[in-house]
Amino acid sequence: MPAIRYRHNYKAIVLRHEATQTKGHLIPAYLKDGSLVYYPFGGFVNREVLTYEQYVKLVFIDGYCHSDDDGAWENISSKKVLGVFMRGEYFVVLNQGKPIMIS
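Given the structure is predicted, the values throughout are model-derived calculations rather than measurements. Position numbers for residues count from 1 along each chain, tracking the sequence in the order it is written. Whole-chain, interface and lining totals are the exception, using all residues; otherwise, since this is a predicted model, local features are given only for residues with pLDDT of at least 70 and side-chain atom pairs are given and counted only at 80 or more. To obtain the side-chain values, all non-hydrogen atoms of the structure were included, while hydrogens and water were left out.

(A) Focus on the nonpolar core. Only buried Ala, Val, Leu, Ile, Met, Phe, Trp, Tyr and Cys residues count toward a nonpolar core, and they belong to the same one when joined by side-chain atoms within 4.5 Å. The cut-offs for exposure are 20% and 50% of the maximum accessible area for each residue type, with area from a 1.4 Å probe on protein chains only; residues under the lower value are buried, those over the upper are exposed, and the others partly exposed. Counting 17 residues, the largest nonpolar core has Ile4, Leu15, Ile27, Phe41, Phe44, Leu58 and Val92 as the members making the most contacts within it. Only runs of H or I of at least four residues qualify as helices and only runs of E of at least two qualify as strands under DSSP, and these elements are numbered from the N terminus. Contributions of two or more residues to this core are made by strand S1 (3-8), strand S2 (11-16), strand S3 (26-30), strand S4 (36-46), strand S5 (54-58), strand S6 (61-65) and strand S9 (89-95). Ranked by residues supplied to this core, first place goes to S9 with three residues.

Dropping the structure here:
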């Protein structure tokens, strides 16, 4: 199961897809005017199933792990992550099992 590491107030919080302890954690996304809007993390969604959702740029995500077991974190702190806003939550968009990076 994939996971992201979100940096908040000098702490790293690991957010997983279906972990009940991570539900309700707010993560930020940029608006077009440069301001940040926070909504709860909803999990991950594959790009192939998306149709007309609202895309957002998720920020302050500094790591990605494909599986909880292997512990090999990819450093993605210098990039923004593509997300979608659905049902009042932000979801990280995956393409072939990896998050999509945007500049």
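(B) Highlighting the pairing of S3. Relative to S4, S3 is paired through five bridges, and the arrangement is antiparallel. Considered in S4, the bridge of Ala29 is made with Val37. Linking two consecutive strands that pair antiparallel, namely S3 and S4, is a turn of five residues; a positive phi of about 95° is found at Gly34 within it. Only when DSSP finds a minimum of two bridges between them are two strands counted as paired. Inspection of the sheet shows S3 paired to S5 by two bridges, in the antiparallel sense. The residue bridging Ala29 from the neighbouring strand is Leu58, located in S5.

(C) Main features of the sheet that holds S1. If you walk across this open sheet you meet the four strands as S2-S1-S6-S7, and the pairing is antiparallel. Both outer strands of the open sheet, S2 and strand S7 (74-75), are each paired with one neighbouring strand and no more. Where S1 and S6 come together, four bridges link them in antiparallel fashion. Each residue of the ladder has a partner; that of Tyr6, found in S6, is Ile61.

(D) Spatial organisation of the pairing of strand S8 (residues 80-86). For S8, the tally of buried residues reaches five of seven residues, placing the bulk of the element in the interior. Looking at chain direction, S5 and S8 are connected through five bridges and run antiparallel. Within S8, the residue paired with Tyr55 across the bridge is Val84. Sheet analysis places S8 next to strand S11 (residues 101-102), joined by two bridges and oriented antiparallel. Residue pairing in the sheet places Lys80 in a bridge with Ile102 of S11. Relative to S9, S8 runs antiparallel, the two sharing four bridges.

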